[in-house]
Amino acid sequence: MKRIDGRKENELRPVKMTVGFVDFAEGSVLIECGKTKVLCCASVEEGAPRHVPEGTGWVTAEYSMLPRANRDRSRRDVSKLKLSPRSAEIQRLIGRSLRAAVDLTALGERTITIDCDVLQGDGGTRTASVTGGFAALAIACGRLVESGAIEKNPVKNYVAAVSAGIVEDTPLLDLCYEEDSRAMVDLNCVMNDRGELIEIQGTGEGRSFTAEEQRTLVELCAGGIRQLLEKQKEILGG
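For clarity, every value in this text was computed on a predicted model and none was experimentally measured.

Novice: Help me out: how do you make sense of the overall build of the protein in this one?
Specialist: A tally of regular secondary structure across the protein gives 5 helices and 9 strands. For the protein, the sequential pattern of α-helices and β-strands runs β-β-β-β-α-α-β-α-β-β-α-β-β-α. For 238 residues, the compact-globule estimate of 2.2 N^0.38 gives 18 Å, and the protein sits close to it at 18 Å. With the principal axes as the frame, the protein shows a C-alpha extent of 55 × 40 × 30 Å. Out of the 238 residues belonging to the protein, those deemed buried represent 50%.

Here is the structure:
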């Protein structure tokens, strides 16, 4: 099928990552995937949550869409008590994905929070948040080493994410909003730079799908994630 923006079926949208987009965060990256724009900021605090073992750190995430990130104004997430179920589910995904990249013992008893604020949403905001959030996290960890706060960089491996879906019975990589809204099947995939899967979220929106179709979508995502990992390494000097 012909895609709205003329891309090939296995082609990512144009990706840009701007490091140091804000001044005060220990790590910040503005990630742009096509028209989707997410500001990812990493903040370091001394101390870890009570449920974390002694001598161990923690990585967590918060996610929110600005009121006019989409085509219609949405209500602002004022507090965690009023956080939308969608935002809560997404920030848990981001947190799980980024913790998979870090040696929490090497981090020491401190917490790194990744704030992912969607400035503009055109599909793939959660996967862009993982990809940009990792870059912000890596910058913050690097600064901890540079400052002498920790001896060893706790980042074990790079992590990135992308979506794929089936539109008009055609598997497509990195859906924009117009494609996502028509998708029969939607799948989000998180992987590391060893080619290992961290998380897969697959949903039959318009119909069920087969194990073979799932494999096809995961393979599409794997190809896109390899490209995103290369872009991360370019901006981080990895």
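What follows picks up the thread again.
Novice: Got a minute to help me understand the sheet that holds strand β4 (residues 58–65) in this structure?
Specialist: The strands making up a sheet associate through hydrogen bonds between their backbones, and the pairing can be parallel or antiparallel. Taken in spatial order, the 5 strands make up an open sheet running β1-β2-β3-β5-β4, and their pairing is mixed. Both outer strands of the open sheet, β1 (15–19) and β4, are each paired with one neighbouring strand and no more. If you compare each strand with its neighbour and ignore which way they point, the axes differ by 20° on average.

Novice: What is the right way to read helix α3 (residues 125–147) from this model?
Specialist: It helps to recall that an α-helix has 3.6 residues per turn; residues three or four apart then point in one direction. The first and last C-alpha atoms of α3 sit 32 Å apart over 23 residues, in line with the 33 Å expected at 1.5 Å per residue. Of all 23 residues in α3, 19 are buried, a share of seventy percent or more. Remark: Gly148 follows α3 within two positions and exhibits a positive phi of approximately 85°.

Novice: How should I be thinking about the layout of surface pockets in this particular structure?
Specialist: The gaps left among the atoms become clear once a water-sized probe is rolled over them. By volume, the largest pocket is sized at about 500 Å³. Forming the boundary of the largest pocket are 21 residues, of which Arg86, Gly123, Gly124, Arg126 and Asp180 lie nearest the centre. For the lining of the largest pocket, the secondary-structure elements that each account for two or more residues are α3, α4 (177–180), β8 (185–192) and β9 (197–204). Ranked by residues supplied to the lining of the largest pocket, first place goes to β8 with 3 residues. Class assignment of the residues belonging to the lining of the largest pocket gives a composition of 4 nonpolar, 9 polar and 8 charged.

Novice: Would you explain the side chain of Glu199 in this entry?
Specialist: With respect to the helices, strands and loops of the structure, Glu199 is situated in strand β9. Within polar-contact distance, the side chain of Glu199 engages the side chain of Arg96 at 2.7 Å. In this structure Glu199 touches Leu93, Arg96, Asn188, Cys189 and Val190, once residues within four positions along its chain are discounted.

Novice: Even after reading the chapter, I still don't get the state of the cysteines, so can you show me in this structure?
Specialist: Disulfides are covalent bonds that connect the sulfur atoms of two cysteines. Applying the stated criterion across every chain yields a total of 0 disulfides. Cys221 supplies the cysteine sulfur nearest to Cys189, a cysteine that is in no disulfide, at a spacing of 4.8 Å.

Novice: Help me understand helix α1 (residues 85–99), please; the structure alone is not making it clear to me.
Specialist: Between the first and last C-alpha of α1 there are 21 Å, a value that for 15 residues agrees with the 21 Å anticipated at 1.5 Å per step. Buried within α1 we find Ser87, Ala88, Ile90, Gln91, Leu93, Ile94, Gly95, Ser97 and Leu98. Buried positions along α1 lie against β4, β5 (110–120), α3, β6 (159–167), β8 and β9.

Novice: It is not clear to me how empty space enclosed by the protein should be interpreted in this structure. Could you clarify?
Specialist: All told, the structure shown has 1 cavity of 30 Å³ or more when counted by the stated rule. Computed from the structure, the largest cavity encloses a volume of approximately 70 Å³. Cys33, Thr127, Ala161, Val162 and Asp174 are the residues nearest the centre of the largest cavity, which is lined by 13 residues in total. Those elements that provide at least two residues to the lining of the largest cavity are β2 (27–33), α3 and β6. Counting residues per element, the lining of the largest cavity draws most heavily on α3, which supplies 3 residues. Residue composition of the lining of the largest cavity, grouped by class: 8 nonpolar, 3 polar and 2 charged.

Novice: Can you walk me through the environment of Ile200 in this structure?
Specialist: Structurally, the position occupied by Ile200 is in strand β9. Note on Ile200: relative accessible area 34%, which makes it partly exposed. In the structure, Ile200 is positioned 137 residues away from Tyr63 in sequence and 19 Å away in space, judged by C-alpha atoms. Residues within four places of Ile200 in sequence aside, it is in contact with Leu187, Asn188, Gln214 and Val218.

Novice: What is the right way to look at the nonpolar core in this model?
Specialist: Side chains that are nonpolar tend, in soluble globular proteins, to be buried together. Val59, Ile94, Ile112, Ile114 and Leu137 are the most contacted members of the largest nonpolar core, which totals 61 residues. For this core, the leading source of residues is α3, giving 11 residues.

What counts, and at which threshold
- Residues numbered from 1 in each chain as written.
- Predicted model: local features only at pLDDT ≥ 70, side-chain atom pairs only at ≥ 80, totals over all residues.
- Heavy atoms only, no water.
- Helix = DSSP H or I, 4+ residues; strand = E, 2+ residues; numbered from the N terminus.
- Rg over C-alpha atoms; globule rule 2.2 N^0.38 Å.
- Buried < 20%, exposed > 50% of the residue type's maximum accessible area, 1.4 Å probe, protein only.
- Pairing = 2+ DSSP bridges.
- Axes fitted to C-alpha atoms, helices over the stretch in contact; angles between N-to-C directions.
- Expected span 1.5 Å × (residues − 1).
- 1 Å grid on protein atoms, 1.4 Å probe; cavity = no way out; pocket = protein on both sides within 12 Å on 5 of 7 lines; lining within 4 Å.
- Points joined across faces, edges and corners; volume = space filled by probe spheres on them.
- Nonpolar A, V, L, I, M, F, W, Y, C, P; charged D, E, K, R; others polar.
- Polar contact = N/O pair within 3.5 Å; in protein donor to acceptor, adjacent residues only side chain to side chain.
- Contact = heavy atoms within 4.5 Å.
- Disulfide = S-S within 2.5 Å.
- Core = buried A, V, L, I, M, F, W, Y, C linked by side-chain atoms within 4.5 Å.

Nothing here speaks to function; it is geometry throughout.
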